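Analysis of the macromolecular model
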Amino acid sequence: MATEMKRKLRAALEAGDSEELQRLCGEVGSNIELEVGGFDKQDYPFEELHKMPLAQHVACKPVSSSCLELLIDRFGTGCLTRGNGRGQTPVHLAAQHQDESWMELVKEKGGRGCLRIAAKNGETVAHFAAMNRKSNSCLKWLVKELGSDCLTVPDEDGTTGVHLAAQHQGIESLEWIKRQIGTDCFRLKGECDTTAFHFAAVKSDNSNLKWLVKELGSDCLTVPDSRGDTAVHLAAQHQSIESLEWIKRQIGTDCFRLKGDDDRTAFHFAAKKSDNSNLEWLVKELGSDCLTVPDSRGDTAVHLAAQWQPVDSLQFIFDQIGAEMLGLKNNEGKTPADYVESYCYFRDQSAKRAWISSTQRQLEASRPPAGSSAPTAASAGAAAPRPRPRARQSVQPPGPTPVGLPEKTRAKKQLDPSFTDWDFILQDDKKQLIGRGGFGEVYKALTDRNQTVAVKVLPLSGTGQSGKLQRAVEMEKRGVEILKRLSHPNILQFLKCEQKSDGLYIFTELVSGHSLFELMQRQKKPFKESGVRDFSRQICSGLNFLHCQPEGAILHRDIKSSNIMLTNEGVIKLIDFGLAKEIEKTCGLSTGFGPKGTMYFMAPELFDTKLKSLLYSAKTDVWAFGCTVYELTAMQPPDGDQPIENIGILRFRKQKMPRIADGFSAGLKDFYLRCVDYDPRKRADTAELLRHSFLSASS
């Protein structure tokens, strides 16, 4: 019974379902500890699940404060003062994640003393309020209640609310702090003598850093902490090229050569960024020699990039300095290849290992035979130029080429769904995960027909085998049986499904490429109109094929950029059909709206509260397609800047849909508007859309 209650609580918390959570809070026997997921990666970057008392979870999640109030009324104010493993109470966490109404509730139920509780490291409620990225209303409320001194109370490391606000909140918050206590507070030194400038440089955008420079001058950019690190160093690791361009305009490029902790420069810090954009920019500005400048440990930017960045960064560095990169050694004699091996839990380890092995083999093969008189860089002496590949030359990954193979062998084989045995493909002794959805994970598998496929695993263990669940499973099986008969270049090929004791396994073709969402995130920009047109043609073709089946329309039910793959050959594939929705609802592990974010793409008729179930139709697919077209031009769906809980209200009120930005053609704007007509009867169908002038225009 306790396990079932925990499962239901977790589901309600992760879904942000206030109504269900309030019901469960009225039934649960105590302020129990449980593991819950769905936390912001910025708060818990290394933890999928977080274990703490129920009241703490409630304080973190987007639910009604009445849930916390009910727990306090049932179990006493001890709920408010009980800490988790870090000493964080619901008061601290509410200040970080909620608005001032929660603070009012805490004061009413627990008294002002609750507002002065410190966590394990001495952090006050004001520290947590300063980390609230949604709003500074809690911080303002606390200052009103406790006085402005709470802004400058240090924790055990010396960090204050001012420091944290510079990192987590916006310019409006800094302006407000200035009005409360002046600008000198931004020079206060915290842990390792860090100031608000250092904290602002860790913020992903540079808005606060710009504001501080405007207020206090550009000298603050080069003020070192006790380790020697400056805001310039930190911005090179945490911010974007736009920030580096701005710093260059303020104080020139010499600042990027300043030495900080362990004699590291901005190049070393840029090499620890999750992508190599800043490193590329610095090389362009200051030359490739900076890649091989050692710090006090002998580590270069090449060593750090091998540790922290994806495989394409190694290719970029090779394009700059050639084979020299592989021979660089630090003070312990370690090369970049050693760093790839040593830090196996960092990014792209297997891909980087394969790239290094392939590159070394190619370099070995390109050396002149023994006894040849052809000079090498090593034999030519120090004055010889180091070898550099031609611009944009790429090292090919290991593997056979089709050259010389019989035509029959080279021809693309059809996937054989009649396999009877299969195994997960392992990577670093673990199942090779290639995707994760709202309910289920996708892995690579090898069949007994010697073909690689994708398998989506929908977990059923621990959910009970009720008749309702089994009926939902049978529905999914029938759905796969229908989909496996389809053949269209823009539709993912379904192969079969198997039910086991622990889950339902759905097998499909393995698509090599990236989702459109992933491509936008990697490129950090939306697509050009020509790309939107090309993708829209293919998406619309696939949807029209689905909607025009002789036995009746087949619905996708979850169209969005993350469910649309672009193969390496430039072919669009519609993936992740909304097959698992019935299982999700039956198991109680979802909101009924599928993976987080899907609500932004839901047609207005799906929010009709008078209906007992969601009435998906071909026109709801078209609405989602229109929202996806908008997303491809803006990197977010319509009203993507609104909290997800507001979307249903906006659609129910029939608020005017956002327009596509200027710079795109009138044809594209009209195409989008035909998809998002609030009246399903007037909304275009896929046949009309395929005839639209936008799709027929030349790219």
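Sequence order sets the numbering: in each chain, residues are counted from 1 along the sequence as written. A pLDDT threshold of at least 70 governs which residues receive local features in this predicted model, and a stricter bar of 80 or more applies before side-chain atom pairs are shown or counted, although totals over entire chains, interfaces and linings include all residues. Values shown for side chains rest on all heavy atoms present in the structure; no hydrogens or waters enter the calculation.

Details of the UniProt feature "binding site: ATP" (unreviewed entry) in the protein
Just so we agree on the cut-off: UniProt positions are given in the numbering used here, feature names are shortened, and annotations may be inferred rather than shown by experiment. Only DSSP runs of H or I reaching four residues or more are called helices, and only runs of E reaching two or more are called strands; each is numbered from the N terminus.
Summarizing the sequence annotation, UniProt attributes the feature "binding site: ATP" (unreviewed entry) to Lys456 in the numbering used throughout. Relative to the helices and strands, Lys456 resides in strand S8 (residues 452–459).

Structural notes on the packing of helix H18 (residues 301–308) against helix H19 (residues 311–321)
Under the convention used in this document: Only the stretch in contact is used when fitting a helix axis, every axis being a line fitted to C-alpha atoms; angles between N-to-C directions are given from 0 to 180 degrees. Angles are sorted into four bins: roughly parallel if under 35 degrees, roughly antiparallel if over 145, roughly perpendicular if 65 to 115, and oblique for all others. Handedness of a crossing follows from how the near helix is turned relative to the far one, being left-handed for an anticlockwise turn of less than a right angle and right-handed for a clockwise one. Contacts are assigned to residue pairs that have any heavy atoms within 4.5 Å of one another.
Contact geometry for H18 and H19: axes closest at 9 Å, N-to-C directions at 155°. What the angle tells us is that H18 and H19 run roughly antiparallel. Our pair here, H18 against H19, has a crossing hand that is left-handed. Note on element contacts: H19 touches H18 through Ser313, Leu314, Ile317 and Ile321, opposite Val302, Ala305 and Ala306.

Points about the pairing of strand S9 (residues 494–500)
To keep it simple, the criterion reads: Each residue gets one of three labels from its accessible area relative to the maximum for its type: buried under 20%, exposed over 50%, partly exposed in between, using a 1.4 Å probe on protein chains only. Criterion used throughout: strands pair if DSSP finds at least two bridges between them.
Summarising burial for S9: five of the seven residues are buried, a large majority. Bridge analysis of S9 against strand S10 (residues 503–509) gives six bridges, and the strand direction is antiparallel. Paired with Glu498 across the bridge in S10 is Tyr505. Taken together, S9 and the strand that follows it, S10, pair antiparallel across an intervening segment of two residues.

Concerning the environment of Arg681
Looking at where Arg681 falls in the secondary structure, it is placed in the loop between helix H31 (666–675) and helix H32 (686–690). Placed 62 residues apart in sequence, Arg681 and Lys619 show a C-alpha to C-alpha distance of 8.3 Å.

Some words on the nonpolar core
So the rule is basically this: In these notes, a set of buried Ala, Val, Leu, Ile, Met, Phe, Trp, Tyr and Cys residues joined through side-chain atoms within 4.5 Å is what counts as a nonpolar core. The source of the domain bounds is an automatic or database domain assignment.
In this structure, Val58, Phe186 and Phe256 are the most contacted members of the largest nonpolar core, which totals 111 residues. Two domains each donate at least three residues to this core, and these are domain 1 (1–188) and domain 2 (259–350). In this structure Phe186 touches Val162, Leu174, Ile177, Lys178, Thr195, Ala196, Phe197, Trp211, Leu212 and Leu216, once residues within four positions along its chain are discounted. Judged by nonpolar contacts, the second largest core, of 63 residues, contains Phe494, Ile647, Met657 and Cys675.

What to know about helix H15 (residues 241–251)
Here is the rule we go by: Working note: the arc is built from the helix axis to C-beta atom directions.
If you check which residues of H15 are buried, you get Ser243, Leu244, Trp246 and Ile247. Along H15, the residues classed as buried sweep out an arc of 160° about the axis, all on the same side. On its buried face, H15 sits against helix H13 (207–216), helix H14 (231–238) and helix H17 (277–286). A positive phi of about 85° marks Gly252, the residue just after H15.

A closer look at the packing of helix H27 (residues 529–547) against helix H29 (residues 618–634)
Stated formally: By the convention adopted, Pro, Cys, Tyr, Trp, Phe, Met, Ile, Leu, Val and Ala count as nonpolar, Lys, Arg, Asp and Glu as charged, and the other residues, Gly among them, as polar.
At a minimum axis distance of 11 Å, the contact between H27 and H29 shows a crossing angle of 170°. Classified by the interaxial angle, the pair formed by H27 and H29 is roughly antiparallel. On H29, the residues that touch Val532, Phe535, Ser536, Ile539, Cys540, Leu543 and His547 of H27 are Ala618, Asp621, Phe625, Val629, Leu632 and Thr633. Taken together, the residues that form the contact of H27 with H29 break down as nine nonpolar, three polar and one charged.

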